[in-house]
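# Examination of the molecular architecture
Okay, here's what each chain looks like letter by letter:
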Amino acid sequence: MYTFKPVLKQTIWGGESIADFKGIDTDMHEIGESWEISALPGSESVVANGKDACKTITQLMEEQGEKLVGKKAFQQFGTTFPLLIKFIDARRDLSIQVHPNDEQAKARHQLRGKTEMWYVIKADEGSKLRIGFKEQISKDEYEERVKNNTILDVLSESEAKAGDVYFLPSGRVHSLGEGTFVAEIQETSDITYRIYDFGRVDAQGKPRQLHVNEARDVIDFSVQEDYRIHYEKKQDQREKLTSCPYFTTNLLDLTQPFRTNYEGLDSFVVLMCLEGKALLRSEEDGQSQSHLIRQGMTVLLPATTKSLNVVPEEGCKILETYIK
């Protein structure tokens, strides 16, 4: 059972909520993201507990391989941990952006693409999410609308509410709005094509780079009536939120002890605590382990974990993620 030191990212749109949410002390301001588990070069997670403290996630992968992530994931991704896990605090609107798929990213960058999901932890009243299109447009119209600053007019917009879930496959245009705080689960990739940035400038007073042409052949221009994932909110049982080839994510909204068996899973498990706290007791590779998880913490269970008991204190909400 592993915890990691968070990798905090200062951004032009970042807020002041992440440190308080996670209960950590820092002099940093405008923290837009806390990378909870990351294998990206330059931002690799470092183990914070136990005998492997101070090792990077990549060192764990090299030493443990399929014992850490599972046989299937290790064969597919090698020594790169397959997911990037984040908390995101948007004090201002993020840019309108899109990500390439695996095939496109490999051809252009020799990297993986980016499919992701959001779970809205909290949102200010009136906060918005922009996801997908509300009307059909062509590639040429897309470029013209970016040029004349009317691209927002054709994007689907919805009010952000705590508990909302959105699946964002590669190719789907999206943007977090001002006043939203989310948990994000995604492929291990940081390739983003920025389409529109509200005319903002960076610290040097220069407009941030846009990738309008790169995005043209990546964007999925199809229209959906509703981009939100609808699920039945239930307590004290596993509720599936989304499942795709890259990850499966469930919600555990617990008020009483919860036991689960992972023996047939063949995958690591990531637990993100969104609210409250709980005692985790696991059986890993023949040994019992326990750890207290609280709001803002993320725990990685290796693929050798056979079972898990979650004992909430009053109540807790946990996102459970693995690869099927």
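One can find the structure itself at the top, above this paragraph.
These lines cover the structure that appears in this document, whether it is placed above or below. (Residues numbered from 1 in each chain as written. Predicted model: local features only at pLDDT ≥ 70, side-chain atom pairs only at ≥ 80, totals over all residues. Heavy atoms only, no water.)

We describe a pair of aromatic rings using the distance from one ring centre to the other and the angle between the two ring planes. Summed over the entire model, instances satisfying the criterion amount to 8 aromatic pairs. An angle of 70° between the planes, with centres 6.4 Å apart, marks the rings of Phe167 and Phe247 as edge-to-face. With a gap of 80 residues between them, Phe167 in strand E10 (residues 165–168) and Phe247 in the loop between strand E15 (238–243) and strand E16 (248–254) connect regions that are remote in the sequence. The interplanar angle of 65° and the centroid separation of 5.3 Å between the aromatic rings of Tyr196 and Phe198 together place this pair among those described as edge-to-face. A relative accessible area of 12% places Tyr196 in the buried class. (Phe/Tyr/Trp six-rings, centres within 6.5 Å; stacked < 30°, edge-to-face > 60°. Helix = DSSP H or I, 4+ residues; strand = E, 2+ residues; numbered from the N terminus. Buried < 20%, exposed > 50% of the residue type's maximum accessible area, 1.4 Å probe, protein only.)

In this section: the nonpolar core. Membership of the largest hydrophobic core comes to 41 residues, with the highest contact counts inside it found for Ile57, Phe81, Tyr119, Met272, Leu274, Leu300 and Leu319. What Met272 contacts, discounting residues up to four positions off in sequence, is Ile85, Lys86, Phe87, Ala183, Ile185, Met297, Thr298, Lys317, Ile318 and Leu319. Val98, Tyr142, Tyr196 and Val212 belong to the second largest nonpolar core, which has 20 residues in total. (Core = buried A, V, L, I, M, F, W, Y, C linked by side-chain atoms within 4.5 Å. Contact = heavy atoms within 4.5 Å.)

Here we come to helix H2 (residues 57–64). For H2, the complete set of buried residues consists of Ile57, Thr58, Leu60 and Met61. Down the axis of H2, the buried side of the element spans an arc of 160°, and every buried residue falls inside it. Buried positions along H2 lie against strand E1 (2–5), strand E3 (31–37), strand E4 (46–47), helix H3 (66–69), helix H4 (71–77) and strand E20 (298–301). At the exit of H2 stands Gly65, carrying a positive phi of roughly 55°. (Arc of directions from axis to C-beta.)

Take the pattern of salt bridges next. Tallied over the full model, the rule gives 20 salt bridges. It is possible to trace a salt-bridge network through shared partners that takes in Lys51, Asp52, Lys55 and Glu63. (Salt bridge = Lys/Arg side-chain N within 4 Å of Asp/Glu carboxyl O.)

Attention shifts here to unusual backbone geometry. One non-glycine residue, Glu30, adopts positive backbone phi at about 55°. Along the chain, the position of Glu30 falls in the loop between helix H1 (18–22) and E3. Despite not being glycine, Asn149 shows a phi value in the positive range, around 65°. Among the secondary structure elements, Asn149 is positioned in the loop between helix H6 (139–147) and strand E9 (155–159).

What follows concerns H6. Buried within H6 we find Tyr142, Arg145 and Val146. Seen end-on, H6 carries its buried residues on one side only, within an arc spanning 100°. Turned more than 90 degrees off the buried face of H6, the exposed positions are Asp140 and Lys147. If you follow the buried residues of H6, they end up packed against strand E13 (193–196) and helix H7 (212–216). Where H6 terminates, the next one or two residues include Asn149, which has phi positive at roughly 65°.

The subject of this paragraph is the side chain of His99. Position of His99 relative to the elements: it lies in the loop between strand E6 (96–98) and helix H5 (102–109). What makes His99 buried here is its relative accessible area of 1%. A distance of 3.2 Å separates a polar atom in the side chain of His99 from a polar atom in the side chain of Glu116. Those residues within four positions of His99 in sequence are excluded, and the remaining contacts are Lys114, Glu116, Ser170, Gly171, His174, Ile191, Thr192 and Val218. (Polar contact = N/O pair within 3.5 Å; in protein donor to acceptor, adjacent residues only side chain to side chain.)

So far we have only geometry, and geometry alone does not tell us how the molecule works.
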